[in-house]
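If you want the building blocks of each chain, they are given just below.
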Amino acid sequence: MAWRGWPVSWLWVASCGLLLLVFVLLLSPRSCRARRTLRGLFMARSKQLLFRIGYSLYTRTRLGYLFYRQQLRRARNRYPKGHSRTQPRLFNGVKVLPIPVLSDNYSYLIIDTQARLAVAVDPSDPQAVQASIEKEGVNLVAILCTHKHWDHSGGNRDLSRRHQDCRVYGSPQDNIPYLTHPLCHQDVVSVGRLQIRALATPGHTQGHLVYLLDGEPYEGPSCLFSGDLLFLSGCGRTFEGTAETMLSSLDTVLGLGDDTLLWPGHEYAEENLGFAGVVEPENLARERKMQWVQRQRMERKSTCPSTLGEERSYNPFLRTHCLVLQEALGPSPGPTGDDGYSRAQLLERLRQLKDLHKSKNSCFILNPCPFQLVKPFIWPFAVGQRHRLVISHLPLAPSWQEQGVYTAESRNQKSRSGQLSTYLSWKLEVVEQQSQEFIKFHILPMEQKTSLLKQDDQLAMTRMVKEGEEVKTEVTFFPRPSIEGFVSQAANLVLLRVMAWRHTVPSNARFLALDSEGKLCYSTYQALGSQTIQVGHQQVEVFIVEQTVHSEQGIPVSCQFYLLSDGHLAKRIQVGSPGCCMITKVPVLREEDDIEPRPAFKKKPLVWEEDLELYSRFLDRKEELRISHNSYLRQHPEAQALISDFLLFLLLRQPVDVVTFAAEYFGPFAKRRPPTPALRSSNRPSPFRELEPERSEA
């Protein structure tokens, strides 16, 4: 590298300066703009000086190992059972077992089930790999390391010490820890029936290797363990090479068969497919794969393996020869007409766009969110005539204040059949939400309460459904990576208002949402144009937006929202339903939000015990009621006996529904008893009902 020509003193001065800068930024709040900018600088500007210094410290000093150990501790605490659920593949006596390690890495065990021999690929967490070895009851004889980075080679020391006969393979150019058997291009490692060929693929690092398990000895598909060269719909960063070097390495992989299984080193599938949708939005193969990946990640299932045939159809880094990408992003061929050089330019451009796409942390699945709240605001506006949505800024906890949290409420002011209250961040991410829906059926009333609470690394959902007397409660936890782009009910109302303001709906508007069963799915938005409708005695122009919730189970549910120019909801129709909601009077349209002024003075709390006059009135009234109650009981002694008998029966029977039991008990004493009780009990019949037939016979 270029560091060999540097004087040692200058390298140490630059290193100390970088450490001081990192230390200062670590002490700053997480929401600090400088801290976020530095991370984006490191990830997206790989040719700048600060990144090179940091990368050199990570790969050449003990600081990199200490950083790896910190990552390992955090991942074990955060994912005690691994970040994903994996399924092994068995091919005629050869077993490939993925092991989820760290926050998104994969290690692999390749097992010859007949000889009980195993080969580990990139064992970054020795504890997790050793647990899998003991569970399978095999003997570890070899470790295959794709490159030197600690998240792929950190477990070499512990495993090689624990297994005395274990050999560590890797490239001699990469300074791999505890390397015992260097490999070169096309070298073969033989373990039992396993024939594993090493292929040199520099670019990510100078000595990066991928390992190809030959499928002929066991009459199965070949398996490619690609490390950080190739991912599902993505490729690794070029840390120690050029775009031409990386392109040559990718072409080496392209020469393999379509049925070759791809086992990557990281779980980047959903993010990579999202970027592929930006550069190739019309790719149907990518769309189908994205839907499958989203279903897998909702259940925290692994997306490995893919096949090279599939990757050729949607991975943009393997499609630099396609005219669609060349016309959209690629440079024109040079004066010499060197097609290889133009493909390298296109690959470098794709890599830059991918880094910028990741650093944006958008709340769209495919596109950055165009609706971010950029100023403190208060949004009161009616949703029909009975509902009112209020969005305002409130002082909250310090950690939420840094994020800029706002509160939103929606409620039915008359019947109280529905209520929604939530806290939203600047990016419309839900921090906390409470929603309640109540359907007043006379026979079987229904009530549903849903609570969402954002925690450190997940979103907790508590859902309670009450049908009559039956109550069902379930709690679900969604990992933070799986809910990027999630739009809650309140955020949906805000988005609809912004769409009405702008009179447009972004193309490919697609978000994560919850269906009626509380399952994660995705929703899409579509503009249906403008229309003039009759509201009361006036003609008003509305902008129509259709939202479709695509549930994994059942048919999609579509709702059409008719919005006035300032965001008022004038009409709502659920497609396929005979009913609709519509306002009867045109509200007062506002071009700007009404901001309520803060009171000049705080309201003084009333402590009525300290008010002598008020407290004296309270004591007088209390004594008056006591005398009145005693007088009534003296005049009606049967009332005291009746209440005593009722309490005795209540303690003897101990019914679940006390109200129904009381209605059945006091029913015979009523002057006009209804033919059927208003409330029905699930307990055994009351003994007072047995008197009815005798009374009718008499």
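What you see is a predicted model, and the numbers here were worked out from it, not measured in a lab. (Residues numbered from 1 in each chain as written. Predicted model: local features only at pLDDT ≥ 70, side-chain atom pairs only at ≥ 80, totals over all residues. Heavy atoms only, no water.)

Trainee: What should I look at first to understand the overall build of the protein in this one?
Mentor: The number of helices and strands found in the protein is 19 helices and 29 strands. Counting all 698 residues of the protein, 44% fall into the buried class. On the protein, roughly 39,100 Å² of surface is accessible, and the fraction owed to carbon and sulfur atoms is 54%. (Helix = DSSP H or I, 4+ residues; strand = E, 2+ residues; numbered from the N terminus. Buried < 20%, exposed > 50% of the residue type's maximum accessible area, 1.4 Å probe, protein only. Areas by Shrake-Rupley, 256 points an atom, 1.4 Å probe, with all protein chains shown as cover.)

Trainee: Any chance you could explain the pairing of strand β21 (residues 446-454) here in plain terms?
Mentor: Moving residue by residue along a regular strand, the side chains alternate between the two faces of the sheet. Here 9 bridges tie β21 to strand β22 (residues 458-467), and the two strands are oriented antiparallel to one another. If you follow Thr450 over to β22, its bridge partner there is Arg463. Hairpin connection between β21 and β22: a loop of 3 residues separates the two successive antiparallel strands. (Pairing = 2+ DSSP bridges.)

Trainee: Any chance you could explain the pattern of salt bridges here in plain terms?
Mentor: Side-chain pairs of opposite charge can arise whenever the charged atoms involved come near each other. Counted by the stated rule, this structure contains 20 salt bridges. Between Glu136 and Lys95 there is a salt bridge whose closest N-O contact spans 3.0 Å. Here Glu136, found in helix α5 (residues 126-136), pairs with Lys95, found in strand β2 (residues 94-101); they are 41 residues apart in sequence, far enough to count as distant. As far as the burial class goes, Glu136 and Lys95 line up, both buried. Several salt bridges converge on common partners, so that one network encompasses Arg286, Glu287 and Arg510. (Salt bridge = Lys/Arg side-chain N within 4 Å of Asp/Glu carboxyl O.)

Trainee: When you look at the sheet that holds strand β3 (residues 105-112) in this model, what are you seeing that I'm missing?
Mentor: Strand pairing within a sheet occurs via backbone hydrogen bonds; the two strands may be parallel or antiparallel. Judged by pairing direction, the sheet is mixed, and its 7 strands sit side by side in the order β1-β2-β3-β4-β5-β6-β7 without closing on themselves. Each end of this open sheet is capped by a strand with a single partner; those strands are β1 (89-91) and β7 (181-182). Of the pairings in the sheet, the one linking strand β4 (residues 117-121) to strand β5 (residues 139-144) comprises 5 bridges and is parallel in character. Residue pairing for β5: Ala118 is matched across the bridge by Leu140.

Trainee: What am I meant to see in the packing of aromatic side chains here?
Mentor: For the structure on display, the rule yields 19 aromatic pairs. Where Phe649 meets Tyr665, the ring centres are 5.9 Å apart and the plane angle is 50°; that geometry is what we call tilted. Of this pair, Phe649 sits in helix α17 (residues 637-653) while Tyr665 is found in helix α18 (residues 658-666), placing the two residues 16 residues apart along the sequence. Judged by centre distance (5.0 Å) and plane angle (85°), the ring pair of Tyr665 and Phe666 falls under edge-to-face. Overall, Tyr665 belongs to the buried group, its relative accessible area being 5%. Given the relative accessible area of 31%, Phe666 is considered partly exposed. Just above the ring of Tyr522 sits the side chain of Arg510; from NZ or CZ to the centre is 4.0 Å. Note that Lys571 overlies the ring of Tyr562, its terminal NZ or CZ placed 5.2 Å from the centroid. (Phe/Tyr/Trp six-rings, centres within 6.5 Å; stacked < 30°, edge-to-face > 60°. Lys NZ or Arg CZ within 6 Å of the ring centre and 35° of its normal.)

Trainee: Whenever I open this one, the environment of Trp501 confuses me. Can you help?
Mentor: Residue placement: Trp501 occurs in helix α15 (residues 489-502). A relative accessible area of 36% places Trp501 in the partly exposed class. As for Trp501 and Leu564, which are separated by 63 residues in sequence, their C-alpha atoms are 8.6 Å apart.

Trainee: Sorry if this is basic, but what is going on with the packing of α17 against α18 here?
Mentor: Two numbers describe a pair of packed helices, the interaxial angle and the distance between the axes. Where α17 contacts α18, the two axes come as close as 11 Å, and the packing angle between them is 135°. Taken together, the axes of α17 and α18 are oblique relative to one another. Crossing angle aside, the handedness with which α17 passes α18 is right-handed. Across from Leu642, Asp645, Phe646, Phe649, Leu650 and Arg653 in α17, the residues of α18 making contact are Val658, Phe661, Ala662, Tyr665 and Phe666. (Axes fitted to C-alpha atoms, helices over the stretch in contact; angles between N-to-C directions. Parallel < 35°, antiparallel > 145°, perpendicular 65-115°, else oblique. Left-handed = near helix turned anticlockwise from the far one by under 90°. Contact = heavy atoms within 4.5 Å.)

Trainee: What am I meant to see in the nonpolar core here?
Mentor: One recurring pattern in soluble globular proteins: nonpolar side chains tend to sit buried together. Residues Ile110, Leu213, Cys223 and Phe225 are the most contacted members of the largest nonpolar core, which totals 27 residues. Within the second largest apolar cluster, 25 residues are counted, among which are Leu199, Leu224, Leu247 and Leu318. (Core = buried A, V, L, I, M, F, W, Y, C linked by side-chain atoms within 4.5 Å.)

Trainee: I would appreciate a short explanation of the state of the cysteines in the present structure.
Mentor: This model, assessed by the stated rule, comprises 0 disulfides. We note that Cys559 lacks a disulfide partner, and the nearest cysteine sulfur, in Cys581, lies 9.6 Å from it. For Cys559, a relative accessible area of 8% corresponds to the buried category. Overall, the relative accessible area of 49% leaves Cys581 in the partly exposed class. (Disulfide = S-S within 2.5 Å.)

Trainee: Got a minute to help me understand the sheet that holds strand β10 (residues 209-213) in this structure?
Mentor: What the 6 strands build is an open sheet, ordered β8-β9-β10-β11-β14-β15; its pairing is mixed. The two strands at the open ends of the sheet, each matched to only one other strand, are β8 (188-191) and β15 (306-307). One ladder, built from 3 bridges, connects β10 with strand β11 (residues 223-227); its direction is antiparallel. Among the inter-strand pairings, Leu212 is bridged to a residue of β11, identified as Leu224.

Trainee: Could you clarify how one ought to interpret the pairing of strand β24 (residues 510-514) in this entry?
Mentor: For β24, a buried count of 4 out of 5 residues is recorded, marking the element as mostly surrounded by other parts of the structure. In this structure, β24 lies alongside strand β25 (residues 520-535), joined through 5 bridges in antiparallel fashion. For Arg510, the partnering residue across the bridge sits in β25 and is Thr524. The loop that links β24 with its antiparallel partner β25 comprises 5 residues; one of these, Gly518, has a positive phi angle of about 80°.

Trainee: So what exactly am I meant to see when it comes to the side chain of Gln130 here?
Mentor: For Gln130, the position within the fold is in helix α5. Only 3.5 Å separates the side chain of Gln130 from the side chain of Arg162, close enough to count as a polar contact. (Polar contact = N/O pair within 3.5 Å; in protein donor to acceptor, adjacent residues only side chain to side chain.)

Trainee: What is the right way to look at helix α8 (residues 243-254) in this model?
Mentor: Structural remark: α-helix, 3.6 residues per turn; residues separated by three or four positions point the same way. Along its 12 residues, α8 runs 16 Å from first to last C-alpha, staying within 8% of the 16 Å computed at 1.5 Å per residue. When α8 is considered as a whole, its buried residues turn out to be Ala243, Met246, Leu247, Ser249, Leu250 and Val253. Summarising the axial view, the buried residues of α8 lie within an arc of 165°, below the 170-degree limit, and thus occupy one face. (Expected span 1.5 Å × (residues − 1). Arc of directions from axis to C-beta.)

Trainee: Honestly, a nonpolar patch on the surface in this entry has me stumped. Any pointers?
Mentor: Judged by side-chain polarity, Tyr615, Phe618 and Leu619 come together as a nonpolar surface patch covering roughly 250 Å² of accessible area. For Phe618, a relative accessible area of 38% gives the class partly exposed. (Patch = residues over 30% accessible without salt bridge, like charges linked within 9 Å, V, L, I, M, F, W, Y side chains within 5 Å.)

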